[in-house]
Amino acid sequence: MITAGELLAVFQAIGDGRCTLEDCKRMISTVDVNGDGVVCFEDFARMMETQV
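Residues numbered from 1 in each chain as written. Predicted model: local features only at pLDDT ≥ 70, side-chain atom pairs only at ≥ 80, totals over all residues. Heavy atoms only, no water.

**Q** Please explain the overall build of the protein chain as it appears in this structure.
**A** Counting its regular elements, the protein chain contains three helices and zero strands. A total of 52 residues make up the protein chain; the buried ones form 27% of that total. When contacts within the protein chain are restricted to residue pairs at least 6 apart in sequence, those whose partners lie at least 24 apart make up 26%. With an accessible surface of roughly 3,800 Å², the protein chain has 62% of that area assigned to carbon and sulfur atoms. Treating the 4 positive side-chain charges of the protein chain as one cloud and the 9 negative ones as another, the clouds have centres 7 Å apart. (Helix = DSSP H or I, 4+ residues; strand = E, 2+ residues; numbered from the N terminus. Buried < 20%, exposed > 50% of the residue type's maximum accessible area, 1.4 Å probe, protein only. Contact = heavy atoms within 4.5 Å. Areas by Shrake-Rupley, 256 points an atom, 1.4 Å probe, with all protein chains shown as cover. Lys, Arg positive; Asp, Glu negative; His and termini not counted. Charge placed at Lys NZ, Arg CZ, Asp CG, Glu CD.)

Put into structure tokens, the structure is as follows:
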């Protein structure tokens, strides 16, 4: 599972200081089908299928 805080940490690690925790929460909400606030494997797989 990927939380908004973990996603934010990735953005910070790659040097993107523009992204906020609220931005990360919004990004997650676009793929979080069950509404639990995290990206689970099923959410991630579904997101990747739409990218092909």
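**Q** Could you clarify how one ought to interpret the nonpolar core in this entry?
**A** Nonpolar side chains in soluble globular proteins tend to be buried together. Grouped together as the largest cluster of nonpolar side chains are nine residues: A4, L7, L8, F11, C19, C24, I28, V31 and V39. Mapped onto this core, the elements with two or more residues apiece are α1 (4-13) and α2 (21-29). By residue number, the principal contributor to this core is α1, which donates four residues. Those residues in contact with C24 that sit more than four places away from it in its chain are A4, L7, L8, F11 and C19. (Core = buried A, V, L, I, M, F, W, Y, C linked by side-chain atoms within 4.5 Å.)

**Q** Is there a simple way to explain the state of the cysteines in this structure?
**A** What is meant by a disulfide is a covalent connection between two cysteines, made through their sulfur atoms. Taken as a whole, this structure holds zero disulfides when the rule is applied. Between C19, a cysteine without a disulfide, and C24, which holds the nearest cysteine sulfur, the sulfur-to-sulfur distance is 3.4 Å. A relative accessible area of 11% means that C19 is categorised as buried. Of the cysteine sulfurs around C40, a residue in no disulfide, the closest is that of C24, at 17 Å. Look at C40 and you get buried, because its relative accessible area is 11%. (Disulfide = S-S within 2.5 Å.)

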